[in-house]
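Next come the chains, spelled out residue by residue.
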Amino acid sequence: MQRIIVRPIEMKQTIPIIALIISMVIWSVSGIAIKHALIVLPPFTMIVMRFVPAVLLMLIIGIICRHHSLFCLQKMDLRDLPLFLIAGTCQPFLYYLLETYSYAALNSPTIAETLLSTSPLLSPIFAAVLLGERVTKYNIWGILISTIGVFVLTLAGGTDYSIGSYWGVLLAFAAVSAAVVDSIMMRKAPLRYSSLSFVFYTQLISLMYFIPIWWIKEGPEAINNLQFTIHHSQLMTALGCVAYLTVFASVTAFILFCYALRQVGVTQANAFNNIRPAFTALWMFLFFDEILPWAKWLGIVFIIFGLFICQKQEKKHNY
């Protein structure tokens, strides 16, 4: 006789899930930081200022922690170059390019975060087809419940439902698609590469795209503008936002997410993207006086409940 017992999260998943939650908390502030940085900095200038020091920081960490399994920096095998090229092209390059312009086109960071957190809806399909990952009914139900919570959180209690440019919506969904492909590459990467190595090489490849485009579109003009606004208070705020994006969003959160995804899989890891708009709404409520009525709290409850369902495991026992 075969019986299916549904158990809560196993202890061996606790650390990866904590890593996922921390990465989502960090990324939930990214939209706010990007929005403030774009007040002063052109998009490509902001991206280059974000990722150049991020790559250098990871290089330093990799050299110092060369004996640590999570933070060591291994030499890339040329046979794995196509994998890293695909990953680096999709994210950070395409994702952050599309994400940055979507934030510029949309009216609210909360709306942007909602659209950018829809990757859980695509992840099960990509993971099943490209990786052969098993997607359970609990994964599907959890993702659907959590996604309902995301839309309740975004739409409920507002009086102005204007989104901004609809190009922002299209750019956000394109960014999500790029992020899902990157997560597939992250899962396919040989385990001999540490999480820091994967993130370092993908961001280094992205910079090879970013820097020439930045120089052609914004470089000289951006440098001249910064010289004239160096004492402007908004510039200092923008630089502080870029520092946050560099250290936390581009390095810390990426490494934590890469580590966790390799442990729990693409579907379960990307399901946590649904909590990003919940945290963003909380930050906007606490620090920017954005209204958070009871319906939005209900949306947050749906998100958390959906994530709990998504993480349940089916275990088969024979009697």
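Nothing here was measured: the structure is a model prediction, and the numbers come from that model.

Looking now at the overall build of the chain. Secondary structure summary: the chain contains 13 helices and 2 strands in total. Sorting the 319 residues of the chain into buried and exposed places 52% on the buried side.

This part takes up the nonpolar core. Judged by nonpolar contacts, the single largest core of 83 residues is most densely connected at Trp 27, Met 46, Phe 198, Phe 210 and Phe 257. The dominant element in this core, judged by the number of residues it contributes, is helix 10 (residues 233-264), at 15 residues. In this structure Phe 210 touches Phe 44, Ile 47, Val 48, Phe 51, Pro 92, Phe 93, Tyr 96 and Leu 97, once residues within four positions along its chain are discounted.

Turning next to a nonpolar patch on the surface. A cluster of nonpolar side chains, Ile 148, Trp 294, Leu 298, Val 301 and Phe 302, forms an exposed patch at the surface whose accessible area comes to about 520 Å². Considering every element that reaches the nonpolar patch, the biggest residue donor is helix 13 (residues 294-310), with 4 residues. Among the structural elements, Ile 148 can be located in helix 6 (residues 137-155). Residue classification places Ile 148 among the partly exposed residues on the basis of a relative accessible area of 46%.

In this section: helix 10. One turn of the α-helix equals 3.6 residues, which is why residues spaced by three or four share an orientation. Compared with an ideal rise of 1.5 Å per residue, which puts 32 residues at 46 Å, helix 10 spans 44 Å between its outermost C-alpha atoms and is within 8% of the ideal. Its axis deflected by about 35° at Leu 245, helix 10 carries its strongest bend there. Phi turns positive, to about 100°, at Gly 265, one or two residues after helix 10.

Time to look at the pattern of salt bridges. Across all of its chains, the model carries 3 salt bridges by this definition. Between Arg 79 and Asp 77 there is a salt bridge, and its shortest N-O distance comes to 2.7 Å. The structure contains a network of salt bridges with shared partners spanning Asp 77, Arg 79, Asp 80 and Arg 192.

The subject of this paragraph is empty space enclosed by the protein. With a probe scaled to a water molecule rolled over the atoms, the places where space remains empty come into view. Taken as a whole and judged by the stated rule, the model has 2 cavities of 30 Å³ or more. For the largest cavity, the calculated volume is near 200 Å³. As for the largest cavity, its lining consists of 20 residues, of which Gln 91, Tyr 95, Ala 179, Asn 273 and Arg 276 are closest to the centre. For the lining of the largest cavity, the element with the most residues is helix 7 (residues 166-188), which contributes 5 residues. Here the second largest cavity is characterised by a volume of approximately 40 Å³. Surrounding the second largest cavity, Gln 91, Pro 92, Asp 182, Met 186, Phe 198, Val 199, Thr 202, Gln 203 and Phe 254 form its lining. Breaking the lining of the second largest cavity down by element, the ones donating at least two residues are helix 3 (81-105), helix 7 and helix 8 (195-217). For the lining of the second largest cavity, the element with the most residues is helix 8, which contributes 4 residues.

Thresholds applied
- Residues numbered from 1 in each chain as written.
- Predicted model: local features only at pLDDT ≥ 70, side-chain atom pairs only at ≥ 80, totals over all residues.
- Heavy atoms only, no water.
- Helix = DSSP H or I, 4+ residues; strand = E, 2+ residues; numbered from the N terminus.
- Buried < 20%, exposed > 50% of the residue type's maximum accessible area, 1.4 Å probe, protein only.
- Core = buried A, V, L, I, M, F, W, Y, C linked by side-chain atoms within 4.5 Å.
- Contact = heavy atoms within 4.5 Å.
- Patch = residues over 30% accessible without salt bridge, like charges linked within 9 Å, V, L, I, M, F, W, Y side chains within 5 Å.
- Areas by Shrake-Rupley, 256 points an atom, 1.4 Å probe, with all protein chains shown as cover.
- Salt bridge = Lys/Arg side-chain N within 4 Å of Asp/Glu carboxyl O.
- Expected span 1.5 Å × (residues − 1).
- Bend = angle between axes of the 7 residues up to and from the residue.
- 1 Å grid on protein atoms, 1.4 Å probe; cavity = no way out; pocket = protein on both sides within 12 Å on 5 of 7 lines; lining within 4 Å.
- Points joined across faces, edges and corners; volume = space filled by probe spheres on them.

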